[in-house]
Amino acid sequence: MKAASIRRASMDAIVAQAEREFPFECCGLIIGDNENSVEEVRPVANIQNRMHAEDAAAFPRDARTAFLMEPKEHLAAMIEADRRKLAIRAVYHSHPNRDAYFSPTDRAQACSFDPPEPDYPGVVYIVISIRAGKFARAAAFAWDSERKEFAETKLTVECRGDPCTQC
Ligand SMILES: [Zn+2]
């Protein structure tokens, strides 16, 4: 199964976003190239509160326990990646006051096009646990094609290309 490796700067950026958007879930994408020379974070607005306010029957959860990426920002990041010949490396979101696990809702969202298969088979999903507004834990989940399920995988945070020993 695919291990996850992201740069310290990317991790710092998503943790800062997750703490800033607490008590709501934050979300976004990490884009990069195959040679690992480019890696950039693209935060995407979570519109779950707006959808919940507009239609609570269709969107029973608010942004404290769910996220929905703003479609235009999501698409803009995909188009930018395509134009610059980059790939989506990771999809991330936060869990305010909950552990960093991959919930049934997370799985359903990650397999939105064709339920038994992930939308982006090679992409790692990162979940950030935030407790009382502060970073608690990060975990990565990758698709296990034999079990047809997401499973936790090793998450390495790199400082200038070397595995970080302080985090
Ligand atoms: Zn989640």
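Here the structure is a predicted model, which is why all the values come from computation and not from measurement.

Rules and cut-offs
Residues numbered from 1 in each chain as written. Predicted model: local features only at pLDDT ≥ 70, side-chain atom pairs only at ≥ 80, totals over all residues. Heavy atoms only, no water. Donors = N, O, S within 2.8 Å, 3.2 Å for Na, K, Ca; no water. Tetrahedral: all angles 85-135°; square planar, octahedral: opposite > 155°, others 65-115°. Buried < 20%, exposed > 50% of the residue type's maximum accessible area, 1.4 Å probe, protein only. Salt bridge = Lys/Arg side-chain N within 4 Å of Asp/Glu carboxyl O. Helix = DSSP H or I, 4+ residues; strand = E, 2+ residues; numbered from the N terminus. Core = buried A, V, L, I, M, F, W, Y, C linked by side-chain atoms within 4.5 Å. Contact = heavy atoms within 4.5 Å. Phe/Tyr/Trp six-rings, centres within 6.5 Å; stacked < 30°, edge-to-face > 60°.

(A) Layout of the coordination of the zinc ion. Note on the zinc ion: its protein donors are His-93 (NE2), His-95 (NE2), Asp-106 (OD) and Asp-106 (OD). The metal-donor distances range over 2.0 to 2.3 Å. Bound by four donor atoms, the zinc ion shows angles of 58 to 165° at the metal and therefore irregular coordination geometry. Owing to a relative accessible area of 1%, His-95 belongs among the buried residues under this scheme. For Asp-106, a relative accessible area of 6% puts it in the buried group.

(B) Broad picture of the pattern of salt bridges. Per the stated rule, a full pass over the model turns up 14 salt bridges. Two residues, Arg-84 and Glu-40, come together in a salt bridge whose shortest N-O distance is 2.9 Å. Taken together, the residues span a long stretch of sequence, with Arg-84 in the loop between helix H3 (71-83) and strand E4 (87-96) and Glu-40 in strand E3 (residues 39-44) at a distance of 44 residues. A relative accessible area of 30% means that Arg-84 is categorised as partly exposed. Here Glu-80 and Arg-84 are joined by a salt bridge, their closest N and O atoms 2.8 Å apart. It is possible to trace a salt-bridge network through shared partners that takes in Glu-40, Arg-42, Glu-80 and Arg-84.

(C) Representation of the nonpolar core within the structure. Residues Met-69, Ile-88, Val-91, Phe-102, Tyr-125 and Phe-150 are the most contacted members of the largest nonpolar core, which totals 23 residues. Breaking this core down by element, the ones donating at least two residues are strand E2 (27-32), H3, E4, strand E5 (124-131) and strand E6 (134-144). Discounting residues that sit within four places of it in the chain, Phe-102 has contacts with Arg-107, Ala-110, Tyr-125, Val-127, Phe-141 and Phe-150. By size, the runner-up hydrophobic cluster in this structure holds 19 residues, among which are Ala-4, Ile-14, Ala-18 and Ile-130.

(D) Expanded view of the packing of aromatic side chains. Across all of its chains, the model carries five aromatic pairs by this definition. Between Phe-102 and Tyr-125, the ring centres sit 5.6 Å apart and the planes meet at 65°, which makes this aromatic pair edge-to-face. In this pair, Phe-102 sits in the loop between E4 and helix H4 (104-110) while Tyr-125 sits in strand E5, placing the two residues 23 residues apart along the sequence. As far as the burial class goes, Phe-102 and Tyr-125 line up, both buried. Their ring planes at 70° and their centres at 5.1 Å tell us that Trp-143 and Phe-150 sit as a pair that is edge-to-face.

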